Amino acid sequence: YDDGTNIGGNYATLNGLDNPDGFALSNGNLETTINGASGSSASSTIVMTTGKWYWENTVTWVGNDGGATGIIRGSDSNVDHLASNSGVHIGATIYKVDGTVTSGQTPTWARQNIPFVIGHALDLDNGNIKFYLNGSLWQTITLPSSTTGWKANSNYGSAGGSMKCVYNFGARGSFAFTPPTGYKALCTQN
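The sections below set out a description of the structure shown in this document. (Residues numbered from 1 in each chain as written. Predicted model: local features only at pLDDT ≥ 70, side-chain atom pairs only at ≥ 80, totals over all residues. Heavy atoms only, no water.)

When its secondary structure is counted, the protein chain shows zero helices and 13 strands. Along the protein chain, from the amino end to the carboxyl end, the secondary structure elements read β-β-β-β-β-β-β-β-β-β-β-β-β. In the protein chain, which comprises 190 residues, the share counted as buried stands at 52%. If you take every contact in the protein chain between residues at least 6 apart in sequence, the share linking residues at least 24 apart comes to 67%. (Helix = DSSP H or I, 4+ residues; strand = E, 2+ residues; numbered from the N terminus. Buried < 20%, exposed > 50% of the residue type's maximum accessible area, 1.4 Å probe, protein only. Contact = heavy atoms within 4.5 Å.)

The strand order across the open sheet built from seven strands is 1-2-13-4-9-10-11, with neighbouring strands paired in antiparallel fashion. Two strands in the sheet have a free side with no partner beyond their single neighbour: strand 1 (25–26) and strand 11 (136–142). Here strand 4 (residues 52–62) pairs with strand 13 (residues 162–168) via seven bridges, running antiparallel. Looking at strand 13, one finds that Val62 is bridged to Ser162. (Pairing = 2+ DSSP bridges.)

This part covers the pairing of strand 4. For strand 4, the buried fraction is high: eight of the 11 residues fall into the buried class. Note: strand 4 against strand 9 (residues 116–123), eight bridges, orientation antiparallel. By the bridge assignment, Glu56 is partnered in strand 9 with Gly119.

See the structure below:
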């Protein structure tokens, strides 16, 4: 992805080295199916500490929709999952901040076997994250504190079923939807 702010370098992928549940990565470590049976999780290889960042996760739930997408602290392991996560996540029926439910029913976008694109706009200059659903702003959430930065994360609780995630940190050529002004793709040159 090149909008004049992305000038190359290595783009983030999912971190296969932080993989206690043994989830399978494919397509350059940008795709995974996260199994709900063990509360598994996947996180990015790059940790963000300052600036404004945008990435997309195309999600398809199979079975129960107990998965979530968002961010965890840079020091957290992928062993964290929806039931006890840290950071900020949105899911099919709730969103959580540091593992605490902060909202009830979400919109009816979380239907099984239908892919949808969740845009993540992380603003570390102003301390918030914006979630976009298929290009439309859905939620703006104030970040909890972190001394170790943030990394992209998807996780699955114990509801059963699984969650397919297809990430785009900017290396796939273009985003499905236009990022907000001033946000950069997640790569080492940025």
